[in-house]
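Examination of the molecular architecture
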Amino acid sequence: MSLRLEDVGHTYAIGTTAAVVALQEVSLVVDPGELVLVVGETGSGKSTLLRLASGLLRPSTGLAFIDEVALDEASARGRVGLIFQDAESQLFADTVLDDVAFGPRNLGLEVEAAREAAREALHDVGLDAETYGSRSPFALSGGEARRAAIAGVLAMRPAYLLADEPTSGLDSSGREAVRSVLLESRVHSGVIIVTHSPEEFLAHADRVLILRDSLQVWSGETRTLLSDPSPLDQAGLAVPDVVAIQLEFARYLDRGVEPVLDPRAAAQWIARAGGWSA
Amino acid sequence: MIRFDDVRFRYRAQSPWALDGVSFTVSGGEVVALLGANGSGKSTAVRLTNGLLVPYSGSVTVDGSSTREVSTLHQLRETVGIVFQRPDDQIVATSVEDDVAFGPENLRLAREVIRDRVDRSLETVGLTGLERREPHLLSGGQKQRLAIAGALAMEPRYLVLDEPTSMLDPHGRADVLGLLERLRSDGRGILLVTHDLGIIAGADRAVVLSGGVVVFDGPVAALLFGDLDLAAWGLALPPLVSLSRALADLGAPVIPTATTPAEVVGALCR
């Protein structure tokens, strides 16, 4: 069971003078329960990769599989959930409950079954259906609206969940809420998150894929990347400050370190290594 | 100067006050960070700066003219440029250059002047070369730059930016922050509206809204490094500041106002 891309590439408007190569030779695997982070600058091909992984686009080159069958719009239907950037801008129904139930209805569920799926999904994102279900989606705060939109995807119980910049534009409480929703969704799904600010999810990611100018420039385990984050830097991405500080201090002390992302844990290591605390 | 004086505002007669007695100023040559969680009143304040909304009581004045004065409203909109949070909502044309030209064309400027402003604005935000691109084909970050270019082309004395870096990667973010520096040294006044404490190190002052009232107005360093309960205002400390604070608690040497890794490491290695 996995969502698998093998050497996929995509060229928009292929065969015309307007052809744009958006992605080349990228490989990625996500299994249920895993979190894979795809990072890269604006325009590096991240969103194209998600469209390929969700079956919305067919690769121009390479192969894509979902649970060992060829991935396309039909095989992905209901099994791959895609959370678009600014997902809340696609809310449309009169009530939050109807909006969230729209996906399951589309998959062929009866009204009441779809609503039940919607209630569960709203619960999962921390929006109680009793309180929020009858409200207009347009009366929600930014963070609530984003979570309602995510619930619309979760309600289809996708085996694979893909999210494009899921926390952008949210304040700290909104980010935290969305972050925990996505981390918890690993119970049902393999998760791919695309972002240009990896810091939020890095601590929980199993693997990281770095894109630059449509090419895969690095791919591997998160802890390997934290020990040597230079690929982030080379791809125009910020090395988390906390990691940079630990590595620089370890270099000064001429000793090794396995950097962590949590500021408190990092401070404890620094204080011990520097002899300021036991 | 943009001046909020005891401003109260609500959207409907019975609804709670979105802003409840808010006062602050933004002068020319100054970057003021306006901070707060979603729902704190930030976006309402943005709409009050150029008369899109007018206060229920109190006043908003720009260089002395009240936003209530209908006769000067047109001029006010040229004096205060706003870049809204969602670039998609403010893109109007079918090509990048036409979109940037839209505002100056409405000012009935000469064609060469418009051309010049469009070119300079696109260059400033780093979109040169994409003049003919259809805006809907731009990435999120590129759209955000386009929206800023559209505001710059109006050459406003004050620029209000609502979460201008939310869709940008670190390079884009650094570019926009560098741009704000240049506009400041140009004598323009900037209101940088955000909830991201990681981008305000370069601001002259921070104003924090919580529940429609100003709960902090002072230097950025006092906000980041003072003993304040930022979480109560829905704000999160940048990880680097959290690390510095934790180091200080553990007895390690720190520069209390460090905002870069190099400063933190410098103090440790002394």
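Definitions and limits used
Residues numbered from 1 in each chain as written. Chains lettered and ligands numbered in written order. Predicted model: local features only at pLDDT ≥ 70, side-chain atom pairs only at ≥ 80, totals over all residues. Heavy atoms only, no water. Helix = DSSP H or I, 4+ residues; strand = E, 2+ residues; numbered from the N terminus. Rg over C-alpha atoms; globule rule 2.2 N^0.38 Å. Buried < 20%, exposed > 50% of the residue type's maximum accessible area, 1.4 Å probe, protein only. Areas by Shrake-Rupley, 256 points an atom, 1.4 Å probe, with all protein chains shown as cover. Lys, Arg positive; Asp, Glu negative; His and termini not counted. Charge placed at Lys NZ, Arg CZ, Asp CG, Glu CD. Contact = heavy atoms within 4.5 Å. Polar contact = N/O pair within 3.5 Å; in protein donor to acceptor, adjacent residues only side chain to side chain. Pairing = 2+ DSSP bridges. Buried area = accessible area lost by both parts, 1.4 Å probe. Salt bridge = Lys/Arg side-chain N within 4 Å of Asp/Glu carboxyl O. 1 Å grid on protein atoms, 1.4 Å probe; cavity = no way out; pocket = protein on both sides within 12 Å on 5 of 7 lines; lining within 4 Å. Points joined across faces, edges and corners; volume = space filled by probe spheres on them. Nonpolar A, V, L, I, M, F, W, Y, C, P; charged D, E, K, R; others polar. Axes fitted to C-alpha atoms, helices over the stretch in contact; angles between N-to-C directions. Left-handed = near helix turned anticlockwise from the far one by under 90°.

For the rest of this paragraph, the subject is the overall build of chain B. Regarding its fold elements, chain B presents nine helices and ten strands. Here chain B has a C-alpha radius of gyration of 20 Å; the compact-globule value for 270 residues is 18 Å, and the two agree. For chain B, the proportion of its 270 residues judged to be buried stands at 50%. Accessible area of chain B: about 11700 Å², with a carbon and sulfur share of 49%. Treating the 26 positive side-chain charges of chain B as one cloud and the 33 negative ones as another, the clouds have centres 3 Å apart.

Attention now moves to the overall build of chain A. Broken down by element type, chain A carries twelve helices and ten strands. Relative to the 2.2 N^0.38 estimate, which gives 19 Å for 278 residues, the radius of gyration of chain A is 20 Å and therefore close to what a compact globule would have. Along the longest, intermediate and shortest principal axes, the C-alpha atoms of chain A span 65 × 50 × 35 Å. Counting the 278 residues in chain A, one finds 54% classified as buried. Long-range contacts, defined as pairs at least 24 residues apart, comprise 63% of the intrachain contacts of chain A with a sequence gap of at least 6. Here chain A contributes 23 positive and 40 negative side-chain charges, whose respective centroids are spaced 1 Å apart.

So, on to the side chain of Asp67 of chain A. All names here are of chain A. Considering the arrangement of structural elements, one finds Asp67 in the loop between strand S4 (61–66) and strand S5 (69–70). Among the residues examined, Asp67 registers a relative accessible area of 16% and is labelled buried. At a separation of 2.9 Å, a polar atom in the side chain of Asp67 contacts the side chain of Arg79. Among the polar contacts made by the side chain of Asp67, one reaches the side chain of Tyr160 at a distance of 2.6 Å. The residues touching Asp67, leaving out its near neighbours within four places in the chain, are Met1, Ser2, Arg79 and Tyr160.

This part is about the sheet that holds strand S4 (residues 57–62) of chain B. All names here are of chain B. Judged by pairing direction, the sheet is antiparallel, and its four strands sit side by side in the order S2-S1-S4-S5 without closing on themselves. The open sheet has two edge strands with one neighbour each: strand S2 (19–26) and strand S5 (65–66). Bridge analysis of strand S1 (residues 2–9) against S4 gives five bridges, and the strand direction is antiparallel. Directly across from Phe4, in S4, lies its bridge partner Val60.

Time to look at the interface of chain A and chain B. Across the boundary between the two partners, chain A contributes 36 residues, which contact 32 residues of chain B. Both sides of the chain A and chain B interface together cover about 2800 Å² of buried area, and 65% of this is carbon and sulfur. The interface formed by chain A and chain B contains one salt bridge. A salt bridge links Arg86 of chain B to Glu88 of chain A; the nearest nitrogen and oxygen atoms lie 3.2 Å apart.

Glancing now at the pairing of strand S9 (residues 207–212) of chain A. Residue and element names in this part refer to chain A. Pairing of strand S3 (residues 35–40) with S9, which is carried by five bridges, proceeds in the parallel orientation. Note on S9: the bridge partner recorded for Leu37 is Val208. Looking at chain direction, S9 and strand S10 (residues 215–221) are connected through six bridges and run antiparallel. Within S10, the residue paired with Leu211 across the bridge is Gln216. Here S9 folds back onto S10, and the loop between the two strands holds two residues, one of which, Asp213, carries a positive phi near 45°.

One side chain can pair with another of opposite charge once the charged atoms of both are near each other. Under the criterion given, the structure shown has 31 salt bridges over all chains. The partner of Arg157 of chain A in a salt bridge is Glu120 of chain A, and the shortest N-O contact between them spans 3.4 Å. Pair noted here: Arg157 of chain A is in the loop between helix H6 (142–154) and strand S7 (160–164) and Glu120 of chain A is in helix H4 (residues 111–124), with a separation of 37 residues, a long-range link. With a shortest N-O distance of 2.8 Å, Arg175 of chain A and Glu200 of chain A are connected by a salt bridge. With Arg175 of chain A in helix H7 (residues 172–184) and Glu200 of chain A in helix H8 (residues 199–202), this residue pair connects regions lying 25 residues apart in the sequence. Connected through salt bridges with shared partners, the residues Glu97, Arg115, Asp119 and Arg132 of chain B form a single ionic network.

The subject of this paragraph is the layout of surface pockets. Space inside the second largest pocket adds up to approximately 1400 Å³. If you trace the second largest pocket, you find 41 residues lining it, with Leu140, Ser141 and Gly142 of chain A together with Ser43 and Gln85 of chain B closest to the centre. Counting residues per element, the ones that place at least two in the lining of the second largest pocket are H6 of chain A together with helix H1 (42–48) of chain B. When its residues are assigned to classes, the lining of the second largest pocket shows 14 nonpolar, 16 polar and eleven charged.

Our focus in this paragraph is the packing of helix H11 (residues 241–253) of chain A against helix H9 (residues 261–268) of chain B. Following both chains from N to C, one finds H11 of chain A and H9 of chain B inclined at 35°, their axes separated by 9 Å at the closest point. The two elements H11 of chain A and H9 of chain B cross, and the hand of that crossing is right-handed. Where H11 of chain A abuts H9 of chain B, its residues Asp241, Ala244, Ile245, Glu248 and Phe249 of chain A lie against Pro261, Val264, Val265 and Leu268 of chain B. For the contact of H11 of chain A with H9 of chain B, the class distribution of residues is seven nonpolar, no polar and two charged.

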